[in-house]
Amino acid sequence: MNLIKTMRGGLIVSCQAYPGEPMRDPRTMTQVALSVVAGGAVAVRVEGPDDVRAVSAQVPVPVVGLWKDGTDGVFITPTLRHALAVAEAGAHVVALDGTRRPRPDGRTLAETIAGLREATEALVMADCGSVADALAAQEAGADLLSTTLSGYSGERPMRDGPDLELVAAIAGEVSVPVVAEGRIRTPEQAAVALERGAFAVCVGTAITHPASITRWFRETLPSGPE
Ligand SMILES: CC(=O)N[C@H](C=O)[C@@H](O)[C@H](O)[C@H](O)COP(=O)(O)O
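Cut-offs used in this document
Residues numbered from 1 in each chain as written. Predicted model: local features only at pLDDT ≥ 70, side-chain atom pairs only at ≥ 80, totals over all residues. Heavy atoms only, no water. UniProt positions renumbered as here; feature names shortened; annotations may be inferred. Axes fitted to C-alpha atoms, helices over the stretch in contact; angles between N-to-C directions. Helix = DSSP H or I, 4+ residues; strand = E, 2+ residues; numbered from the N terminus. Parallel < 35°, antiparallel > 145°, perpendicular 65-115°, else oblique. Left-handed = near helix turned anticlockwise from the far one by under 90°. Contact = heavy atoms within 4.5 Å. Buried < 20%, exposed > 50% of the residue type's maximum accessible area, 1.4 Å probe, protein only. Polar contact = N/O pair within 3.5 Å; in protein donor to acceptor, adjacent residues only side chain to side chain. 1 Å grid on protein atoms, 1.4 Å probe; cavity = no way out; pocket = protein on both sides within 12 Å on 5 of 7 lines; lining within 4 Å. Points joined across faces, edges and corners; volume = space filled by probe spheres on them. Nonpolar A, V, L, I, M, F, W, Y, C, P; charged D, E, K, R; others polar. Near = heavy atom within 4 Å. Areas by Shrake-Rupley, 256 points an atom, 1.4 Å probe, with all protein chains shown as cover. Sits in = over half its atoms within 2 Å of the grid points. Pairing = 2+ DSSP bridges.

If you look the protein up in an unreviewed UniProt entry, it shows as Putative N-acetylmannosamine-6-phosphate 2-epimerase from Ruania alba. According to the UniProt record, the Sequence similarities (unreviewed entry) comment for the protein reads "Belongs to the NanE family." The heading Pathway (unreviewed entry) in the UniProt record of the protein holds the text "Amino-sugar metabolism; N-acetylneuraminate degradation; D-fructose 6-phosphate from N-acetylneuraminate: step 3/5."

Student: Mind showing me how you'd approach the packing of helix α2 (residues 26-38) against helix α3 (residues 49-56) here?
Tutor: Packed helices, taken two at a time, are described by the angle between their axes plus the distance between the axes. Running from amino to carboxyl end, α2 crosses α3 at an angle of 50 degrees, the nearest separation of the two axes being 9 Å. With respect to their mutual orientation, α2 and α3 come out oblique. For the element pair α2 and α3, the recorded crossing hand is right-handed. Side by side, α2 and α3 meet where P26, M29, T30 and A33 of the first sit next to D50, D51, A54 and V55 of the second.

Student: Any chance you could explain the side chain of D163 here in plain terms?
Tutor: As for its placement among the helices and strands, D163 is situated in the loop between β6 (144-146) and α7 (164-171). Judged by its relative accessible area of 4%, D163 falls in the buried class. A polar contact is formed between the side chain of D163 and the side chain of S150, at a distance of 2.6 Å. Within polar-contact distance, the side chain of D163 engages the side chain of R156 at 2.8 Å. Those residues within four positions of D163 in sequence are excluded, and the remaining contacts are S150 and R156.

Student: Help me understand the layout of surface pockets in this model?
Tutor: Picture a little ball the size of a water molecule; that probe, rolled over the atoms, points out where space is still empty. The volume enclosed by the largest pocket comes to roughly 790 Å³. Forming the boundary of the largest pocket are 33 residues, of which Q16, Y18, K68, F75 and I76 lie nearest the centre. Those elements that provide at least two residues to the lining of the largest pocket are β2 (43-47), α3, β8 (200-203) and α9 (205-208). For the lining of the largest pocket, the leading source of residues is α3, giving three residues. Of the residues assigned to the lining of the largest pocket, the class counts are 13 nonpolar, eleven polar and nine charged.

Student: Is there a simple way to think about the site of the ligand in this case?
Tutor: Taken together, 16 residues lie near the ligand, and Y18, K68, E181, R183 and T205 sit nearest. Contacts to the ligand include Q16, whose side-chain N or O atom sits 2.9 Å from an oxygen atom. In this structure, T205 approaches the ligand through a side-chain N or O atom, which is 2.4 Å from an oxygen atom. Contact with the protein chains covers 92% of the free accessible surface of the ligand, which is 450 Å². Under a 2 Å grid-point criterion requiring more than half of the atoms, the pocket assigned to the ligand is the largest pocket. Split into classes, the residues belonging to the shell around the ligand amount to six nonpolar, five polar and five charged.

Student: Would you take a moment to explain the sheet that holds strand β4 (residues 93-97) for this structure?
Tutor: Two modes of strand pairing occur in sheets, parallel and antiparallel, and in both the strands are linked by backbone hydrogen bonds. If you walk around this closed barrel you meet the eight strands as β1-β2-β3-β4-β5-β6-β7-β8, and the pairing is parallel. On average, adjacent strands in this sheet sit at an angle of 25 degrees to one another, irrespective of strand direction. Inspection of the sheet shows β4 paired to strand β5 (residues 123-127) by five bridges, in the parallel sense. Across the sheet, residue V93 finds its bridge partner in β5, namely L123.

So, in structure tokens, the structure goes:
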């Protein structure tokens, strides 16, 4: 619980590069992670066992690890095998799909969390897409809940910005800490998420994904090269 307390009111920064991108390299992601820690991140969120291993060996803050497998359905740390690998790589917190959808290995979320607890000391962040997910994930034993999958799991509409309504609704219903995550683009949105009851805020793309940030600028310019 002490580890969770260190994140209270803070900014968790997700440092991820996607398959095929130039920054997809454990050394590069470690440099990104060290840079966001220098700026005050209370924790980092990192994808894939290789990046988790490299980053957790170097950064002085908790590492929230995940392993994406695929891009559809349940793909964030989808099975117990993935969760164990992320913990073994050094993650202090394992983030996994916390929706009520069937999981590829047939285990329930509760069984997955129990299996992880038997083998490791890692805490669990359940990535949710609705209030019903959050309630079920709390029941299943998650240590932290996040709104990561709002707009992606089919239960909430996809918005341009963060689903602050969901943050408030979950925070009002559960007793475990709630992380506001997903499409937070500005410091102001992050501050509002905390006001609405989030325990901490997680920002990825707007801080660590240069291709997206560049695109936002370019698309906002009135005209430019074709
Ligand atoms: C839905 C999904 O796959 N989310 C992923 C989860 O790890 C990441 O791609 C996001 O970057 C992360 O959740 C942070 O959100 P944003 O980048 O919007 O600040």
